[in-house]
Amino acid sequence: MFDLEVTGVIPTELDGRLLRNGPNPVGAVDPLSHHWFTGTGMVHGLRLREGRAEWYRNRWVRTPDVTDVLGEPRCRSPFGDDVRLFAANTNVIGHAGRTFAIVEAGTPPVELTDELDTIGPSDFDGTREHPYTAHPKLDPATGELHSMSYFWAWGNQVRYEVVGVDGRVRHRADIATNGPVMVHDVSITERYAVVYDLPVLFNLDAAMGGAALPYRWDSSYQARLGFVPLGGTADQVRWVDIEPCWVFHPANAYDDADGRVVLDVVRYDTMFNVDVTGPNDGPARLERWTVDPITGAFSSVVIDQRSQEFPRVDERVVGRRHRYAYAAEIGDHFDPGAALRHDLQSGTTERRAAGGGRGFGEVVFVPRSPDSAEDDGWLLTVAHDLAGGRADVVILDTSDFTGDPVATVHLPGPVPLGFHGNWVPTVTQ
Ligand SMILES: [Fe+2]
């Protein structure tokens, strides 16, 4: 759809694409065996330019589960037919001038055109195997992507990779763990990449029983954090044991002046323990962990008790000390709610409800200019109609977070509750 209806004024500085990914099953699903984490990936894109909402598109990511249902030919895979590809449904990024739909646990990045049509699975120009992650972290100092991937067939290990600005892997380290862990995300600082080695493990019985998501809480597994020097090797990892817990998403991490690492994370007490169809083991809260990788000292404080998810920061401070973090308040079953803006210096949080029977998904920050201060810019998010009606994209000015949106772009239809996305600015040659 072109030239969408807008209430308000879209800032002309916003020149690029707001991309989001999430599950949206293409065919019928069996409600007894389906897990919503594994639903077919659909990417949504909104192109903003010169104050206009130029286009909105949604496209299923053409993994074989989609093309088979739609009767389309399968995309050519550089990994051959022996590698089973499932939904690339969790995040969508721009890197090295290319667009990728990404997911964890075995499926490779799937390259898309700028207009979201599928090109096919990518091996990053022949430099990597298929399992990747939904959450690479871009180091603002280098423009490189740091990732921690896992795959049940690898057994007890995770894989640390660094992808250069040319879109090719330039560094790899296979890091041994004590079990076949699920690792959803990674943190980086100026010195370290952090392994979240936590007690959710691949469960063979669940897999053999046909579970769509065969990962389970294991209360006997020692939770720990691994600190590998940025760009470092497996023998350099320093491990710090912590109390059992689960983290899907850190907001950010940084090194403090005393050599410790500060990690702001959304923490759950357990995951896939009470409810294996979850996440539904209980609420999450935002915590600050301070860890000394040398001495093993660990401490934590609660920043905000509200149940929340999808924490983000200004991408320019990833791995650096941040003052602000943004998140989506959530209810049971990840129902979307209000947007949250945490000021970690003053210890205050602003809460902004979507209103009108709507709930906000993940919030994405866009700076007002490349040199503007942290948090000086706009927050873009999808306002989902909880009754299934048309969704909006809402643009909030951080200087008036609880006020009226700067602009609301009215999309032509609903957007299913999704996972993650990013603002991909137009690159002028
Ligand atoms: Fe995620």
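This text goes with the structure placed above it.
What counts, and where the lines are drawn
- Residues numbered from 1 in each chain as written.
- Predicted model: local features only at pLDDT ≥ 70, side-chain atom pairs only at ≥ 80, totals over all residues.
- Heavy atoms only, no water.
- Helix = DSSP H or I, 4+ residues; strand = E, 2+ residues; numbered from the N terminus.
- Buried < 20%, exposed > 50% of the residue type's maximum accessible area, 1.4 Å probe, protein only.
- Contact = heavy atoms within 4.5 Å.
- Areas by Shrake-Rupley, 256 points an atom, 1.4 Å probe, with all protein chains shown as cover.
- Lys, Arg positive; Asp, Glu negative; His and termini not counted.
- Charge placed at Lys NZ, Arg CZ, Asp CG, Glu CD.
- 1 Å grid on protein atoms, 1.4 Å probe; cavity = no way out; pocket = protein on both sides within 12 Å on 5 of 7 lines; lining within 4 Å.
- Points joined across faces, edges and corners; volume = space filled by probe spheres on them.
- Nonpolar A, V, L, I, M, F, W, Y, C, P; charged D, E, K, R; others polar.
- Phe/Tyr/Trp six-rings, centres within 6.5 Å; stacked < 30°, edge-to-face > 60°.
- Lys NZ or Arg CZ within 6 Å of the ring centre and 35° of its normal.
- Pairing = 2+ DSSP bridges.
- Donors = N, O, S within 2.8 Å, 3.2 Å for Na, K, Ca; no water.
- Tetrahedral: all angles 85-135°; square planar, octahedral: opposite > 155°, others 65-115°.
- Salt bridge = Lys/Arg side-chain N within 4 Å of Asp/Glu carboxyl O.
- Core = buried A, V, L, I, M, F, W, Y, C linked by side-chain atoms within 4.5 Å.

**Focus: the overall build of the chain**
Each helix and strand counted, the chain has two helices and 32 strands in total. The principal-axis extent of the C-alpha atoms belonging to the chain is close to 55 × 55 × 45 Å. The buried share of the chain, taken over its 429 residues, is 59%. Counted over contacts in the chain with a minimum sequence separation of 6, partners at least 24 positions apart contribute 56%. Looking at the chain as shown, the accessible area adds up to about 17100 Å², and 48% of this sits on carbon and sulfur atoms. Across the chain, the centroid of the 38 positively charged side chains sits 2 Å from that of the 61 negatively charged ones.

**Concerning the layout of surface pockets**
In this structure, the largest pocket occupies an estimated 1400 Å³ of space. Lining the largest pocket are 50 residues; nearest its centre among them are G94, N422, W423, V424 and P425. Of all the elements in the fold, those that place two or more residues in the lining of the largest pocket are β2 (16–23), β5 (91–95), β9 (137–138), β19 (246–255), β23 (308–312), β28 (364–367) and β32 (421–425). Its boundaries defined by the atoms lining it, the second largest pocket holds a volume of some 840 Å³. Lining the second largest pocket are 37 residues; nearest its centre among them are T38, F86, A105, A212 and L213. Looking at the lining of the second largest pocket residue by residue, the classes come out as 23 nonpolar, ten polar and four charged.

**Some details on the packing of aromatic side chains**
The geometry of an aromatic ring pair is captured by two quantities: the separation of the ring centres and the angle between the planes. Across all of its chains, the model carries 13 aromatic pairs by this definition. Relative to F298, the ring of W289 lies with its centre 5.4 Å away and its plane at 65°, an arrangement referred to as edge-to-face. The class for W289 is buried, based on a relative accessible area of 1%. Taken together, the ring pairs connect Y150, F151, W152, W154, F202 and Y215 into an aromatic cluster. Above the ring of W239, the side-chain terminus of R224 is found at 3.5 Å from the ring centroid. Over the ring of W378 we find R368; its NZ or CZ atom is 4.8 Å from the centre of that ring.

**What to know about the sheet that holds strand β13 (residues 187–188)**
In a beta sheet, neighbouring strands pair by backbone hydrogen bonds and run either parallel or antiparallel. The four strands lie next to each other as β13-β14-β17-β18, forming an open sheet whose pairing is antiparallel. Edge positions in the open sheet fall to β13 and β18 (238–241), since each of these has one partner strand only. Pairing of β13 with strand β14 (residues 192–197) involves two bridges; the strand directions are antiparallel. Considered in β14, the bridge of I188 is made with A193.

**Some remarks on the coordination of the iron ion**
Donor atoms from the polypeptide that coordinate the iron ion comprise H135 (NE2), H184 (NE2), H249 (NE2) and H420 (NE2), at 2.0 to 2.1 Å from the metal. Coordination at the iron ion is irregular, judged from the four donor atoms that bind it and the angles of 92 to 167° they form at the metal. For the iron ion, the donor residues sit on a single chain with the sequence spacing H-x48-H-x64-H-x170-H. Residue H135 is located in the loop between β8 (118–121) and β9, and its partner H249 is located in strand β19; the two are separated by 114 residues in the primary sequence.

**Regarding the pattern of salt bridges**
Tallied over the entire structure, the rule returns 38 salt bridges. Where R390 meets E5, a salt bridge forms, and the shortest distance between an N and an O atom there is 3.9 Å. Taken together, the residues R390 in the loop between β29 (377–385) and β30 (392–397) and E5 in strand β1 (residues 5–8) connect sequence positions 385 residues apart. When its relative accessible area of 41% is taken as the criterion, R390 is described as partly exposed. Among the ionic pairs, R260 bridges to D258, the shortest N-O distance being 3.6 Å. For R260, a relative accessible area of 31% puts it in the partly exposed group.

**Describing the pairing of β19**
Consecutive side chains along a regular strand alternate between the two faces of the sheet. Burial within β19 is extensive, with ten of its ten residues counted as buried. Across seven bridges, the pairing between β19 and strand β20 (residues 261–268) is antiparallel. Looking at the pairing, D255 lines up with V261 of β20. Where β19 folds back on β20, the antiparallel hairpin that results is connected by five residues, among which G259 adopts a positive phi of roughly 85°.

**Focus on the nonpolar core**
In terms of nonpolar packing, the biggest core is built from 58 residues, with M148, Y196, L225, W246, L263 and W289 touching the most fellow members. Ignoring anything within four residues of it in the chain, the contact list for M148 reads T133, V158, R159, Y160, I175, V183, V186, A193, V194, V195 and V228. By size, the runner-up hydrophobic cluster in this structure holds 21 residues, among which are L48, W378, L380 and A391.

**Considering unusual backbone geometry**
The general pattern is negative phi for most residues beyond glycine and trans for most peptide bonds. With a phi close to 50°, F310 is a non-glycine residue in the positive phi region. Among the secondary structure elements, F310 is positioned in strand β23. Residue D375 is not a glycine yet carries a positive backbone phi of 75°. Along the chain, the position of D375 falls in the loop between β28 and β29.

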